Amino acid sequence: GMVEAVRTIVPAFGKTVLAALRGTADAGSDFQRLMDVFQDELTAAGQRGLFVALDDFHLISERVIVAVLERILKDVSSPLRLILSTETEPSFYLSTLRAQGALTEVDQEDLRFTSDEVQQLLYQRTSGALGYGIADNVAKAAGGWPSATAVAAAIVARSGKPLPFNRLAPTE
């Protein structure tokens, strides 16, 4: 878990946190206290700016957990920096962080490949065998999504043909 991850940086970390966990019957209901202990021990160890990535944040339904994470996110003195990956905007108020320039947001448009990026990928995967028009068609067919684009590039690279993506090419 998180204690073991921090121990890769601070080998002696976790004594206080683990003692607090042993004394807790339900970590979910005592989440705020446990996170306070975790942060205090990080601070005592001289750790600042430790990044913690939380994937699928939209699946967290416990209001107490969301509230504690919101408090950590807004607390500039916290030794933790949160990275949230979510399909929906979090339920807490982010405008203050936006106004302070303390929030970086990456949305769907930021993650999509451009036609030029698709062209580079296809060039690498097919040793430059395909023309630029095919890259535009692959980008459109895959919606610019990296995983779909990589699959399309693999299909094109294995077949050695621009099919099925050349069927999408405009006729002149």
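Structural data are supplied above this passage.
Attention here is on the structure that accompanies the text. Since the model is a prediction, treat every value here as computed from it, not as a measurement.

The rules behind each value
Residues numbered from 1 in each chain as written. Predicted model: local features only at pLDDT ≥ 70, side-chain atom pairs only at ≥ 80, totals over all residues. Heavy atoms only, no water. Helix = DSSP H or I, 4+ residues; strand = E, 2+ residues; numbered from the N terminus. Buried < 20%, exposed > 50% of the residue type's maximum accessible area, 1.4 Å probe, protein only. Contact = heavy atoms within 4.5 Å. Axes fitted to C-alpha atoms, helices over the stretch in contact; angles between N-to-C directions. Parallel < 35°, antiparallel > 145°, perpendicular 65-115°, else oblique. Left-handed = near helix turned anticlockwise from the far one by under 90°. Nonpolar A, V, L, I, M, F, W, Y, C, P; charged D, E, K, R; others polar. Salt bridge = Lys/Arg side-chain N within 4 Å of Asp/Glu carboxyl O. Polar contact = N/O pair within 3.5 Å; in protein donor to acceptor, adjacent residues only side chain to side chain.

## Description of the overall build of the protein
Now for step 1: From N to C terminus, the protein includes 9 helices and 2 strands.
Now for step 2: Within the protein, the fraction of its 172 residues that count as buried is 30%.
Now for step 3: Long-range contacts, defined here as pairs at least 24 residues apart, represent 60% of the contacts in the protein between residues at least 6 apart.

## Some remarks on the packing of helix H2 (residues 15-22) against helix H3 (residues 31-44)
Now for step 1: Look at H2 against H3: their axes get within 8 Å of each other, and the N-to-C directions meet at 165°. It follows from the interaxial angle that H2 and H3 lie roughly antiparallel. Viewed along their axes, H2 and H3 form a crossing whose handedness is right-handed. Where H2 approaches H3, its residues Lys15, Thr16, Val17, Ala20 and Leu21 are matched on the opposing element by Arg33, Leu34, Val37, Phe38 and Glu41.
Now for step 2: Grouping the constituent residues of the contact of H2 with H3 by class yields 6 nonpolar, 1 polar and 3 charged.

## Regarding the pattern of salt bridges
Now for step 1: Evaluation of the coordinates by the stated rule reveals 7 salt bridges.
Now for step 2: Between glutamate 89 and arginine 98 there is a salt bridge, and its shortest N-O distance comes to 3.0 Å.
Now for step 3: Given a relative accessible area of 53%, glutamate 89 falls into the exposed group.
Now for step 4: In this structure, glutamate 105 engages arginine 98 in a salt bridge whose closest nitrogen and oxygen atoms are separated by 2.7 Å.
Now for step 5: By relative accessible area, which is 45% here, glutamate 105 ends up partly exposed.
Now for step 6: For arginine 98, a relative accessible area of 36% puts it in the partly exposed group.
Now for step 7: Connected through shared salt-bridge partners, Arg63, Glu70 and Lys74 make up one network.

## Quick word on the environment of serine 91
Now for step 1: Counting through the fold element by element, serine 91 comes out in the loop between strand S2 (80-84) and helix H5 (95-100).
Now for step 2: For serine 91, a relative accessible area of 61% puts it in the exposed group.
Now for step 3: Each C-alpha atom, one on serine 91 and one on glutamate 70, is 9.3 Å from the other, the two residues being 21 residues apart in sequence.
Now for step 4: Side chain to side chain, serine 91 and arginine 63 meet in a polar contact 3.4 Å long.

## So, the side chain of threonine 24
Now for step 1: Within the secondary structure, threonine 24 is located in the loop between H2 and H3.
Now for step 2: Within the local environment of threonine 24, its side chain forms a polar contact with the side chain of arginine 33, the two groups lying 2.8 Å apart.
Now for step 3: When near neighbours in sequence (up to four residues on either side) are disregarded, threonine 24 contacts Asp30, Arg33 and Leu34.

## Structural notes on the side chain of glutamine 39
Now for step 1: In this fold, glutamine 39 is placed in helix H3.
Now for step 2: When near neighbours in sequence (up to four residues on either side) are disregarded, glutamine 39 contacts Arg71, Ile72, Ser78, Pro79 and Leu80.

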